Amino acid sequence: MKKIAISLAVLIVAIAIVAVASAGITSETECLRIHIRANSNDEIDQSVKYEIKGEIVKYLTPIISEAKSKDEAMSIVSREIPNIEAVAKNTLKKKGFAYTAKCRIASEEFPSRTYGNMTLEKGVYDALIVELGKAEGDNWWCVVFPPLCFVSGENSGEKDFKYVSKIEEIINGILGR
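Scope of this entry: the structure provided in the associated data block. Numbering of residues starts from 1 in each chain and follows the order in which that chain's sequence is written. In view of the model being predicted, local features appear only for residues whose pLDDT reaches at least 70, and side-chain atom pairs are presented and counted only at 80 or more, with totals across whole chains, interfaces and linings using the full set of residues. To get the side-chain values, all heavy atoms of the structure are used, and hydrogens and water are removed first.

**Overview of the nonpolar core**
When a protein is soluble and globular, its nonpolar side chains tend to lie buried together. The cut-off we apply is this: We call a set of buried residues a nonpolar core when its members are Ala, Val, Leu, Ile, Met, Phe, Trp, Tyr or Cys and they connect through side-chain atoms within 4.5 Å of each other. Think of it in three bands: residues with accessible area under 20% of the maximum for their type are buried, residues over 50% are exposed, and the middle band is partly exposed, with areas taken using a 1.4 Å probe on protein chains only. The helix and strand labels rest on DSSP assignments: H or I over at least four residues marks a helix, E over at least two residues marks a strand, and numbering proceeds from the N terminus.
Among the nonpolar cores identified, the biggest contains 30 residues, and Ile34, Ile56, Val77, Leu92, Leu128, Val130 and Leu132 are the most heavily contacted of them. Elements supplying a minimum of two residues to this core: strand 1 (32-37), helix 2 (43-64), helix 3 (70-94), strand 2 (101-110), strand 5 (123-132) and strand 6 (139-145). It is helix 3 that contributes the most residues to this core, nine residues altogether. In this structure, Cys31, Leu120, Ala127 and Val143 belong to the second largest nonpolar core, which totals nine residues.

**A few points about helix 3**
Cut-off, in case you're wondering: Bending is quantified residue by residue as the angle between axes fitted to the seven-residue window ending at that residue and the seven-residue window starting at it.
Helix geometry: helix 3 is bent most strongly at isoleucine 81, by close to 60°, with proline proline 82 lying one to four residues after it. A positive phi of about 85° marks glycine 96, the residue just after helix 3.

**Side note on the pattern of salt bridges**
Rules: Throughout this description, the term salt bridge denotes a Lys or Arg side-chain nitrogen within 4 Å of a carboxyl oxygen of Asp or Glu.
Here the structure, examined in full by the defined rule, presents nine salt bridges. Between glutamate 131 and arginine 37 there is a salt bridge, with the nearest N and O atoms lying 3.8 Å from each other. Of this pair, glutamate 131 sits in strand 5 while arginine 37 is found in strand 1, placing the two residues 94 residues apart along the sequence. Classification of arginine 37 as buried rests on a relative accessible area of 15%. In this structure, glutamate 80 and arginine 79 form a salt bridge, with 3.7 Å as the shortest nitrogen-oxygen distance. Look at glutamate 80 and you get buried, because its relative accessible area is 10%. For arginine 79, a relative accessible area of 53% corresponds to the exposed category. Ionic contacts of the salt-bridge type, sharing partners, join the residues Arg37, Arg104, Glu108 and Glu131 into one network.

**Brief notes about the packing of helix 2 against helix 3**
What counts, and what does not: Axis angles are defined between N-to-C directions and span 0 to 180 degrees, where every axis is a line fitted to C-alpha atoms and, for a helix, only to the segment in contact. Left-handed is the label given to a crossing in which the near helix is rotated counterclockwise from the far helix by less than a right angle, and right-handed is the label when the rotation is clockwise. Only heavy atoms matter for contacts: two residues are in contact if any of them lie within 4.5 Å across the pair. Nonpolar residues are Ala, Val, Leu, Ile, Met, Phe, Trp, Tyr, Cys and Pro. Charged residues are Asp, Glu, Lys and Arg, and all others, Gly as well, are polar.
Contact geometry for helix 2 and helix 3: axes closest at 10 Å, N-to-C directions at 145°. Here helix 2 runs over helix 3; the crossing is right-handed. The residues of helix 3 that touch helix 2, namely those facing Val48, Glu51, Ile52, Glu55, Ile56, Tyr59, Leu60, Ile63 and Ile64, are Ala73, Ile76, Val77, Glu80, Asn83, Ile84, Val87, Ala88, Thr91 and Leu92. Residue composition of the contact of helix 2 with helix 3, grouped by class: 14 nonpolar, two polar and three charged.

**Some details on the environment of threonine 100**
Mapped onto the elements, threonine 100 comes out in the loop between helix 3 and strand 2. Classification of threonine 100 as partly exposed rests on a relative accessible area of 40%. Spatially, the C-alpha atoms of threonine 100 and glycine 133 are 5.4 Å apart, while their sequence positions differ by 33 residues. When sequence neighbours within four positions are dropped, the list of residues in contact with threonine 100 reads Lys89, Leu92, Glu131, Leu132 and Gly133.

What is shown is where atoms sit, not what they do.
Written out as structure tokens, the structure is:
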């Protein structure tokens, strides 16, 4: 009987966590975002923006996954800015681009965005800003902390988004899914 009660309690907590995580982040103080701003809206600049996005996400994911709070995540990202900038610059150089990249952390106003069942309300958020060249083109964004990220299947930046959550992965592991 104890096992059933414990299992039921874990299941209820897991469902509550997934519900809260998928309901949306409504407080600007809860998350750290990342914005990668393309040099321009030319197809080539937009294409390299997605390549840089992939490299930065690949670099940051293992580093940021252990952060327990937004403050800890901000500290990690602040410390890693030279390395993140190097990832972007190296990708640009390897692809033959003459312009470079700059990274910084800033608080900026962002519009409300909804992808699937995840909503980030309009407001001022702290973000890692990655500016490529003139940074006058469309941007790509995701959430660094909590560990959520939207990944496009086509790298289009607009369609076929998949919601990825470390919390959901842990819960699915516990539930054996």
